[in-house]
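Report on the structure
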Amino acid sequence: MLRRERERERKERERASPPGEAQRAGGRVRRRTGDPTCVQVHFRPAEMLAVPLGGAASRGRHGLSGGAKKTSKKCRARRSKRGRRRRSKRSNNRGNNGCQQPFLPPEAEEGNIEYKLKLVSPTQYRFEHLATQLKWRLQEGRGEAVYQIGVEDNGLLVGLSRADMEASIATLKKMADKVGADITVLREREVDYEPDDSTRRIAEVLVRKVPDDQQFLDLRVAVLGNVDSGKSTLLGVLTQGELDNGRGRARLNLFRHLHEIQTGRTSSISFEILGFNSRGQVVDYSHSRSAEEICESSSKMITFMDLAGHHKYLKTTIFGLTSYCPDFAMLVVSANTGVGTSREHLGLAMALKVPIFVVVSKVDVCSRATLDKTLRQLERLLKQPGCNKVPLLLSCPDDAVAAAQQFAQSACITPILTVSSVSGESLELLKVFLNVLPPLSNSKEQEELMQQLTEFQVDEIYSVPEVGTVVGGTLYSGVCREGERLVVGPTEQGHFLRLRVASIQRNRSACRLLRAGQAATLALGNFDRSLLRKGMVMVSPKMKPTVCREFEAAIVLLFHAKTFRRGSQVTVHVGNVRQTAVVQSVYGKVHFGATFARWLPAGHATLSPSQDELRTGERAVVGFHFIKHPEYLRTGAKLLFREGVTKGIGHVTRLLPADQNLRQKQNPH
């Protein structure tokens, strides 16, 4: 009897309790399935009660609600205490005006970025010191430097008044004139640092050398993307300075063959140039009549490599990525058709570690919903585990300037621009991005390459009337001058032949000196063209080059339908070398399962029981044998091989010269 009365009193107290008491007691309320009027209350202890929707749960051992009220007070006290801590922490992190103090990364001693708080009325000694410092920054940036005015050396954005900012920019202009450069104010913004009546500003200024004897900054950009995505049309609009008519008129100057004009599809590699003068203004064919005039007027040159988008020309696209060593890759995606083959091109660029930025074209022929769908596809593709990129959609010049600088510093940043070659939408934004885009290598790395012996990669071979045999390619190391004597090879028998460089042309204009990293064409006079082929190198006789027919490489098999084993034939791409090779040996295999490989710590893996064959996702050291003729390779060079849907990447680990091939066969691994 007493038990029934207590039960009745408990139910009355539960009905009288305010709603949500169970949640304040530290529980979590969830509607119970099957009964829409009841909920389940989950407490942190293993306790669960079914109560009506408007009622509350008691936490006491015998069903008393006093424990719940006490716990509620304790929770409220804890929350208020944590809230006071957060508020005090925020107040300590705020400045005098209640805003968080903005910061940039601290100034680096090396590089082409300089922080200056102000440059107001410096003394003559101070001015000479500042000019010397600017000259150093220009040398570090290979002719470009960025000055942040109104910023302390630790990165604090202090800002200047309008009068001080104008005086600082005027002083910087005098410094630039002294060292033979021009300045361009990239952006200017207000900052909140101290409560002051006057507006405080910071400015970002680009300093660029005036062109001197063709020593301009040259960046190579490989243009990738699906077929019919508008790559050639976009390059024609950028370099010719005229919009397209919607039927491909702008791309006609880029095609090299008749079938390309008839089909509208690129099947070869073509080059186009876009220049920027010392003040950041565009120099294209609308302002100049020839490529020579563009080179003379430009301080910075963007060389676009228009690569094929159709899948049957994939070997040409891979050859362009591996042999011409692009600094950046521009992935063009059509807004109305989506990603398509661009997914495979993205994978190739990432495998070769080429920084990528994305241009979404044809935004004038699709609706906003279609454009948003394409952007969502891109975002999912870039964020997936294989890419791990951070997409940045650019919408204004400030975004373009900031993204260009972050893009060169961080490999995970991927800027995205939406443009139209017909209406001209956001084309100026793309030009701003290309103008500010800094080089990846500094002057120190450039000088180290120039100190090495000459090595020129042969990528193209021509016969020019009244000139003779001409080869085109990239100077990998050293310097090359007119009249220099080199050796070229290897031939079918593995020999090198002597020749003389008659003249040099760079970007279709005469050049007397070629430096490491620059692309050019070399005239060889009456040298027999039949003795040359793509994949050869022209090196200094002092190098004593060695050739190999067999080599070993540490590879990762990206995809294979079945198994990759000894005896398989694949097409190997190493720099400008492209030849079919046979797999001679497979050893040191390491298997990373598809489900648990990402959870393994670095250096841990599982050995696969079968050592003679590889499957997708496995690593091994593989011995390759060229089936046609020997090649000149370098240890550590990036390697990419394919055969149908089979694809893999890696790097060369060991070269086996011809005299060691026999011993290698007698003593296999």
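The rules behind the values
- Residues numbered from 1 in each chain as written.
- Predicted model: local features only at pLDDT ≥ 70, side-chain atom pairs only at ≥ 80, totals over all residues.
- Heavy atoms only, no water.
- Helix = DSSP H or I, 4+ residues; strand = E, 2+ residues; numbered from the N terminus.
- Buried < 20%, exposed > 50% of the residue type's maximum accessible area, 1.4 Å probe, protein only.
- Contact = heavy atoms within 4.5 Å.
- Areas by Shrake-Rupley, 256 points an atom, 1.4 Å probe, with all protein chains shown as cover.
- Pairing = 2+ DSSP bridges.
- Axes fitted to C-alpha atoms, helices over the stretch in contact; angles between N-to-C directions.
- Patch = residues over 30% accessible without salt bridge, like charges linked within 9 Å, V, L, I, M, F, W, Y side chains within 5 Å.
- Salt bridge = Lys/Arg side-chain N within 4 Å of Asp/Glu carboxyl O.
- pLDDT = per-residue confidence, 0-100.
- Right-handed = clockwise from strand over helix to strand, strands pointing away.
- Parallel < 35°, antiparallel > 145°, perpendicular 65-115°, else oblique.
- Left-handed = near helix turned anticlockwise from the far one by under 90°.
- Nonpolar A, V, L, I, M, F, W, Y, C, P; charged D, E, K, R; others polar.
- Phe/Tyr/Trp six-rings, centres within 6.5 Å; stacked < 30°, edge-to-face > 60°.
- Expected span 1.5 Å × (residues − 1).

1. Quick notes on the overall build of the protein chain
Across its full length, the protein chain carries 15 helices and 33 strands. For the protein chain, with 669 residues in total, the buried portion stands at 48%. Taking as baseline every contact in the protein chain between residues at least 6 positions apart, the subset at least 24 positions apart corresponds to 70%. Per element, the accessible surface of the protein chain, about 34200 Å² overall, is 49% carbon and sulfur.

2. Re the sheet that holds strand 7 (residues 201–209)
If you trace the four strands from one edge of the open sheet to the other, you get 4-5-7-6, paired in mixed fashion. Where the open sheet ends on each side, the last strands, each with one partner, are strand 4 (113–116) and strand 6 (181–190). For this sheet the average axis-to-axis angle between neighbouring strands, irrespective of direction, equals 20°. Both strand 5 (residues 144–149) and strand 7 contribute to a ladder of six bridges, which runs antiparallel. Within strand 7, the position partnered with Glu144 by the bridge is Arg208. Packed on one face of the sheet, helix 4 (residues 124–140) meets strand 4, strand 5, strand 6 and strand 7 and runs near 130° to strand 5.

3. Quick notes on unusual backbone geometry
With an omega of 0°, the peptide bond running from Gly489 to Pro490 counts as cis. Position of Pro490 among the secondary structure elements: in the loop between strand 19 (485–489) and strand 20 (497–500). Backbone geometry at Lys353 places phi at a positive 60°, although glycine is not the residue there. In this fold, Lys353 is placed in the loop between helix 10 (342–351) and strand 13 (356–361).

4. Quick word on a nonpolar patch on the surface
On the surface, Leu252, Leu258 and Ile261 cluster together into a nonpolar patch covering about 290 Å² of accessible area. Within the fold, Leu252 resides in the loop between helix 6 (231–240) and helix 7 (258–263).

5. Let's talk about the pattern of salt bridges
Within the structure shown, the criterion is met by 21 salt bridges. Between Arg368 and Asp372 there is a salt bridge, with its nearest N and O atoms 3.2 Å apart. Taken as a pair, Arg368 and Asp372 lie in helix 11 (residues 368–383) at a separation of four residues, close to a single helical turn. We classify Arg368 as exposed; its relative accessible area is 57%. Across the pair Glu552 and Arg654 runs a salt bridge whose closest N-O atoms are separated by 3.3 Å. Here Glu552, found in strand 26 (residues 548–559), pairs with Arg654, found in strand 33 (residues 646–657); they are 102 residues apart in sequence, far enough to count as distant.

6. Points about the confidence of the model for the protein chain
Of the residues in the protein chain, 79% reach a pLDDT of 70 or more, and the chain-wide mean stands at 81. For the protein chain, per-element mean pLDDT is lowest for strand 3 (residues 48–52), which scores 32, and highest for strand 13, which scores 96. Every residue in residues 17–71 scores below 50 in pLDDT, and together they form 85 contacts with partners more than four places removed in sequence or on other chains.

7. Description of the pairing of strand 14 (residues 390–393)
The side chains of a regular strand alternate, residue by residue, between the two faces of the sheet. Where strand 14 meets strand 15 (residues 413–418), four bridges bridge the pair, whose relative direction is parallel. Paired with Leu392 across the strands is Pro415, a residue of strand 15. Between strand 14 and its parallel partner strand 15, the chain crosses via helix 12 (residues 397–409), and the hand of that crossover is right-handed.

8. Observations regarding the packing of helix 9 (residues 314–323) against helix 10
One way to put it is that helix 9 packs onto helix 10 with a least axis distance of 11 Å and a crossing angle of 30°. In terms of orientation, helix 9 lies roughly parallel with respect to helix 10. At the point where helix 9 passes helix 10, the crossing takes the right-handed sense. Seen from helix 9, the contacting residues are Leu314, Thr317, Ile318 and Leu321; seen from helix 10, they are Glu344, His345 and Leu348. Partitioned by chemical class, the residues of the contact of helix 9 with helix 10 number four nonpolar, two polar and one charged.

9. With respect to the packing of helix 4 against helix 5 (residues 162–179)
Running from amino to carboxyl end, helix 4 crosses helix 5 at an angle of 65°, the nearest separation of the two axes being 9 Å. The pairing of helix 4 with helix 5 is recorded here as roughly perpendicular in orientation. Relative to helix 5, helix 4 is oriented so that their crossing is right-handed. Every residue of helix 5 that contacts helix 4 at Phe127, Glu128, Leu130, Ala131, Leu134, Lys135 and Leu138 is listed here: Thr171, Lys174, Met175, Ala176, Lys178 and Val179. Each residue belonging to the contact of helix 4 with helix 5 can be placed in one class, and the counts come to eight nonpolar, one polar and four charged.

10. Some points on the packing of aromatic side chains
Applying the stated criterion across every chain yields a total of 10 aromatic pairs. With a centroid separation of 5.3 Å and 35° between ring planes, the pair formed by Phe551 and Phe626 is classed as tilted. Note that Phe551 is positioned in strand 26 and Phe626 in strand 31 (residues 618–626), a separation of 75 residues in sequence. Residue class for Phe551 comes out buried when judged on its relative accessible area of 1%. Grouping aromatic residues by their ring pairs yields a cluster made of Phe551, Phe564, Phe624, Phe626 and Phe641.

11. Details of the sheet that holds strand 10 (residues 282–283)
Spatial ordering of the open sheet is given by 10-9-11-8-12-13-15-14, a layout of eight strands whose pairing is mixed. Two strands bound the open sheet, and with one partner strand each, they are strand 10 and strand 14. Both strand 9 (residues 270–276) and strand 11 (residues 300–306) contribute to a ladder of seven bridges, which runs antiparallel. Its bridge partner being in strand 11, Ile273 is matched across the sheet by Thr303.

12. Concerning helix 4
Given a rise of 1.5 Å per residue, 17 residues ought to cover 24 Å, and the 25 Å separating the end C-alpha atoms of helix 4 matches this to within 8%. Close packing links the buried residues of helix 4 with strand 4, strand 5, helix 5, strand 6, strand 7 and helix 14 (443–450). In the segment just after helix 4, Arg142 is the residue with positive phi, at about 55°.

13. Describing the side chain of Arg201
By the secondary structure assignment, Arg201 is in strand 7. With residues up to four places along the chain from it excluded, the contact list for Arg201 reads Gly159, Leu160, Arg162, Met165, Glu188, Arg189 and Glu190.

14. Quick look at the pairing of strand 21 (residues 503–506)
Burial of strand 21 is one-sided: the residues Ile504 and Arg506 facing one way are buried, the residues Ser503 and Gln505 facing the other way are not. Pairing between strand 21 and strand 24 (residues 519–523): three bridges, direction antiparallel. Bridge pairing in strand 24 places Ser503 opposite Ala523. Pairing of strand 21 with strand 22 (residues 509–511) involves three bridges; the strand directions are antiparallel. Within strand 22, the residue paired with Arg506 across the bridge is Ser509. Hairpin connection of strand 21 to strand 22: two residues between the antiparallel strands, including Asn507 at a positive phi of 55°.

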